[in-house]
Amino acid sequence: MTSPVLKILMVLLLLTLSLQAFGQFEEWCIADEQTPDDELQRAMDWACGKGGADCSKIKVNQPCYLPNTVRDHASYAFNSYYQKFKHKGASCYFNSAAITTDLDPSHGSCKYEFLP
C-alpha cells in the first residue's frame, strides 16, 4: 500500500521531469547576494577568461553594462557560462558564489540568455 504523501511526491517528480523534458523549466544562474564583491570578481574573471563565458555585453556602452556593479556583471557572466556549458555538465556553482533562479533576471535592454 502506498501512502498518499508518497503518491503526491511521485506525481510532483513526474511533473517536474516532464516540464524539463519539454523545455518548460527555465533556469538562470546569478550571483548570490551574500557573496562579497572580491569573491564575485574572482569568479567572474574566471568565467570571462578561462571559463569561456561571453562577457561582451557587460563592457562599457553595451546593453548589460548598467548597472555597473560587480554583482550585476558577475550575474551576467555566470549565466552566460552556465547556459553555454550546462549541457556538457557545467554547474552554477562558482565556488559557492552563484545560485540558480527561475525568475528571468533580464532588465531593460539587457537580456539574459536561456537555452533549453
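Structure shown above.
All values reported here derive from a predicted model rather than from experimental measurement. (Residues numbered from 1 in each chain as written. Predicted model: local features only at pLDDT ≥ 70, side-chain atom pairs only at ≥ 80, totals over all residues. Heavy atoms only, no water.)

Caption draft 1: Local environment of the overall build of the chain. Helix and strand content of the chain: three helices and two strands. Listing each helix as α and each strand as β along the chain from the N terminus yields α-β-α-α-β. Expressed as a percentage of its 116 residues, the buried residues of the chain come to 34%. Restricting the contact set of the chain to residue pairs at least 6 apart, pairs at least 24 apart contribute 73%. Accessible surface computed for the chain: about 7,600 Å², of which carbon and sulfur atoms make up 58%. (Helix = DSSP H or I, 4+ residues; strand = E, 2+ residues; numbered from the N terminus. Buried < 20%, exposed > 50% of the residue type's maximum accessible area, 1.4 Å probe, protein only. Contact = heavy atoms within 4.5 Å. Areas by Shrake-Rupley, 256 points an atom, 1.4 Å probe, with all protein chains shown as cover.)

Caption draft 2: Focus on the side chain of Thr35. Structurally, the position occupied by Thr35 is in the loop between β1 (28-31) and α2 (37-48). With near-sequence residues (within four places) excluded, Thr35 lies in contact with Leu40, Arg71, Ser96 and Ala97.

Caption draft 3: Structural context of the pattern of salt bridges. Counted by the stated rule, this structure contains two salt bridges. Measuring nitrogen to oxygen at the nearest pair gives 3.6 Å for the salt bridge that ties Asp37 to Arg71. Of this pair, Asp37 sits in helix α2 while Arg71 sits in helix α3 (residues 70-85), placing them 34 residues apart in sequence. You can call Asp37 partly exposed: its relative accessible area is 40%. Of the charged contacts, one joins Asp38 and Arg42 as a salt bridge, the two residues approaching to 3.9 Å between their closest N and O atoms. Of this pair, Asp38 and Arg42 both sit in helix α2, four residues apart, roughly one helical turn. (Salt bridge = Lys/Arg side-chain N within 4 Å of Asp/Glu carboxyl O.)

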